[in-house]
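Analysis of the macromolecular model
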Amino acid sequence: MMTLDLDTLKRMVHGIITTRPDEIGCDECFEQLDRFVEMTLAGKNAAEAMPLVQDHLERCRDCREEFEALLAALRARLIGGG
Amino acid sequence: MTERTNQEWLTALRGPGRDEALVDLRALLVRGLGYALAGRSDLDDSALEDFAQEALLKILAGLDSFRGESRFITWAQKIAVRVAFTELRHRRWRDVSLDEMTGNPDSDFIPSTLVDPSAGPEQQAIQRVFLSTLRRIITEELTDRQRQALVALRIQGMPLEEVARRMSTNRNALYKLLHDARQRLLKRMMAEGLSPKDMLAAFEP
């Protein structure tokens, strides 16, 4: 069987050790993502204001991908004025 | 294109101005998706139009759930991005099944030894103890489904959403399942006397 490579294993171990009991799931993250992304865009400290969303985005690749894409869309719109 | 406040969007989409508002919203979503998915060579304009169209249906169906905590267009774009990524992940992984090795997974996906050039002798000793414990407790503490999901995510590199689809669950429930797995493993590690601080130091990413 294939085994985990070193980097993936380290990330997995790190994920286990930093597990917190109050983590939110993808649904709750999605609910709050529009507010989180607007704060980020406004240069406010979204991570501090919404730490559970930040924590989820660090752990969940699917949600992080969507956050980054949404941020890119809004940032471009802001610059483009549309 | 008319600039609208949140209330104006909601009123227009629910009232006689709906057709015009839909045209405007669709155009905004398509443009936003173009930026959101910039750099992907596997997409053309018609794909963006399709994503926007599907998103519009979801947006209209979910208007009552918009709580006004952001700009309406941010909320709508969020839904369009979700629609697009769901479809793109589905396309990318369509022909891939959960690996046969995930059918009856044990803990063999955790290596028993590591070649970690960045670790000193003391760290390597901690790593060895830790890995052997981890291999054992993954077998003892986790359910088959938890191990199966772990292998699909970590070895196959499959997105959470696609693993969930194949396991007849959804992304949120699968995240919770894996959160539970991490909690169990951490609790057991502590019970076995492994110090989180030492482990973090030995496995610093």
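This report concerns the structure included in the present document. Counting from 1, residues in each chain are numbered in the order their sequence is written. Chains and ligands are labelled by the order in which they are written, letters from A for the one and numbers from 1 for the other. Reporting of local features is limited, given that this is a predicted model, to residues whose pLDDT is at least 70; pairs of side-chain atoms are given and counted only at 80 or more, and all residues count toward the totals for whole chains, interfaces and linings. Values shown for side chains rest on all heavy atoms present in the structure; no hydrogens or waters enter the calculation.

Let us look at the overall build of chain B. By the criteria applied, helices consist of DSSP H or I runs no shorter than four residues and strands consist of E runs no shorter than two, each listed in order from the N terminus. On a plain count of helices and strands, chain B comes out with 9 helices and 0 strands. Overall, chain B shows an N-to-C arrangement of helices and strands of α-α-α-α-α-α-α-α-α. Over its C-alpha atoms chain B spans a radius of gyration of 23 Å, topping by over 25% the 17 Å that the globule rule assigns to 205 residues. C-alpha atoms of chain B, sized along the principal axes, occupy 70 × 35 × 30 Å. Buried means the residue's accessible area, taken with a 1.4 Å probe over protein chains only, is under 20% of the maximum for its type, while exposed means over 50%, and partly exposed covers the values in between. The 205 residues of chain B split such that 48% are buried. Throughout, a contact is declared for two residues whenever any of their heavy atoms are within 4.5 Å. Contacts spanning at least 24 positions in sequence make up 67% of the contacts within chain B whose residues lie at least 6 apart. Of the roughly 10400 Å² of accessible surface on chain B, 49% is carried by carbon and sulfur atoms. All tallies of charge rest on Lys and Arg as positive and Asp and Glu as negative; His and the ends of each chain are not included. Charge coordinates come from a single atom per side chain, which is NZ of Lys, CZ of Arg, CG of Asp or CD of Glu. Averaging the positions of the 30 positive and the 30 negative side-chain charges in chain B gives two centres separated by 4 Å. Each radius of gyration reported is based on C-alpha atoms, and the globular scaling rule is 2.2 Å times the count of residues to the power 0.38. Throughout, the Shrake-Rupley method with a 1.4 Å probe supplies accessible areas, and for residues the shown protein chains are the sole cover considered.

Lining residues are those with an atom within 4 Å of a point, where the points come from a 1 Å grid over the protein atoms alone and group into cavities, where a 1.4 Å probe fits but cannot get out, or pockets, open sets with protein on both sides within 12 Å along at least five of seven lines. Grid points are joined across faces, edges and corners, and a volume is the space filled by probe spheres set on the points. Considering only enclosed or pocket space, the largest pocket measures out at about 780 Å³ in volume. Along its surface, the largest pocket is lined by 27 residues, and Arg11, Glu58, Arg59 and Cys60 of chain A together with Arg154 of chain B are the ones closest to its centre. When contributions to the lining of the largest pocket are tallied by element, the ones reaching two or more residues are helix 1 (6-17), helix 4 (51-59) and helix 5 (61-80) of chain A together with helix 6 (144-154) and helix 8 (171-191) of chain B. No other element matches helix 1 of chain A, which puts 6 residues into the lining of the largest pocket. For this classification, the nonpolar set comprises Ala, Val, Leu, Ile, Met, Phe, Trp, Tyr, Cys and Pro, the charged set comprises Asp, Glu, Lys and Arg, and every other residue, Gly included, is treated as polar. Of the residues belonging to the lining of the largest pocket, the class tally is 13 nonpolar, 5 polar and 9 charged.

Stacked, edge-to-face and tilted are the three classes for Phe, Tyr and Trp ring pairs, Trp counted by its six-membered ring, which pair at centre distances within 6.5 Å; planes under 30 degrees apart are stacked, over 60 edge-to-face, the rest tilted. Inspection of the entire model under this criterion finds 6 aromatic pairs over all chains. Measuring from ring centre to ring centre gives 5.3 Å for Phe66 of chain B and Phe72 of chain B, while their planes differ by 90 degrees; the resulting arrangement is edge-to-face. Of the residues examined, Phe72 of chain B reaches a relative accessible area of 0% and is grouped as buried. Among the aromatic residues, those joined into a cluster by ring pairs are Trp9, Phe66, Phe72 and Trp75 of chain B. A cation over an aromatic ring shows up here: Lys78 of chain B above the ring of Phe30 of chain A, its NZ or CZ 4.5 Å from the ring centre. Here, a charge over a ring means that NZ of Lys or CZ of Arg falls within 6 Å of the ring centre while also lying within 35 degrees of the ring normal. Lying over the aromatic face of Phe30 of chain A, Arg82 of chain B brings its terminal NZ or CZ to 4.3 Å of the ring centre.

Residues and elements named next belong to chain B. Core analysis: the biggest nonpolar cluster contains 93 residues, and Leu25, Leu37, Phe51, Ile59 and Phe72 have the highest contact counts within it. Looking at which element gives the most residues to this core, the answer is helix 4 (residues 72-93), with 12 residues. Filtering out sequence-adjacent residues up to four positions away, Phe72 remains in contact with Asn6, Trp9, Leu10, Leu13, Leu25, Ile59, Leu63 and Phe66. The term nonpolar core refers to a set of buried residues drawn from Ala, Val, Leu, Ile, Met, Phe, Trp, Tyr and Cys, joined through side-chain atoms within 4.5 Å.

Here the focus is the environment of Thr11 of chain B. Residue and element names in this part refer to chain B. Inspection of the secondary structure puts Thr11 in helix 1 (residues 6-14). Given the relative accessible area of 48%, Thr11 is considered partly exposed. Expressed as a C-alpha distance, the spacing of Thr11 and Ala21, which sit 10 residues apart in the sequence, is 9.6 Å. Reaching out from Thr11, the side chain makes a polar contact with the backbone oxygen of Gln7 at a distance of 2.8 Å. Counting of polar contacts relies on pairs of N or O atoms within 3.5 Å, with two restrictions inside protein: one atom must be capable of donating a hydrogen and the other of accepting it, and residues adjacent in sequence are counted only when both atoms are side-chain atoms.

The partner chain B presents 58 residues to the 46 residues of chain A that form the contact. For the pair chain A and chain B, the summed buried area comes to about 4900 Å², and 64% of that belongs to carbon and sulfur atoms. When a carboxyl oxygen of Asp or Glu lies within 4 Å of a side-chain nitrogen of Lys or Arg, that pair is called a salt bridge. Where chain A touches chain B, the interface holds 10 salt bridges. Counting the contacts that link chain A with chain B gives 24 residue pairs in polar contact (both at pLDDT 80 or more). Secondary-structure elements contributing two or more residues to the side of chain A that touches chain B are helix 1, helix 2 (26-41), helix 4 and helix 5 of chain A. Top element by residues in the side of chain A that touches chain B is helix 5 of chain A. It accounts for 12 residues. Taken together, the residues of the side of chain A that touches chain B sort by class into 23 nonpolar, 8 polar and 15 charged. Summed over both partners, the accessible surface that disappears when two parts come together, traced with a 1.4 Å probe, is what is meant by buried area.

From the geometry alone we can't say anything about function, so treat these as descriptive.
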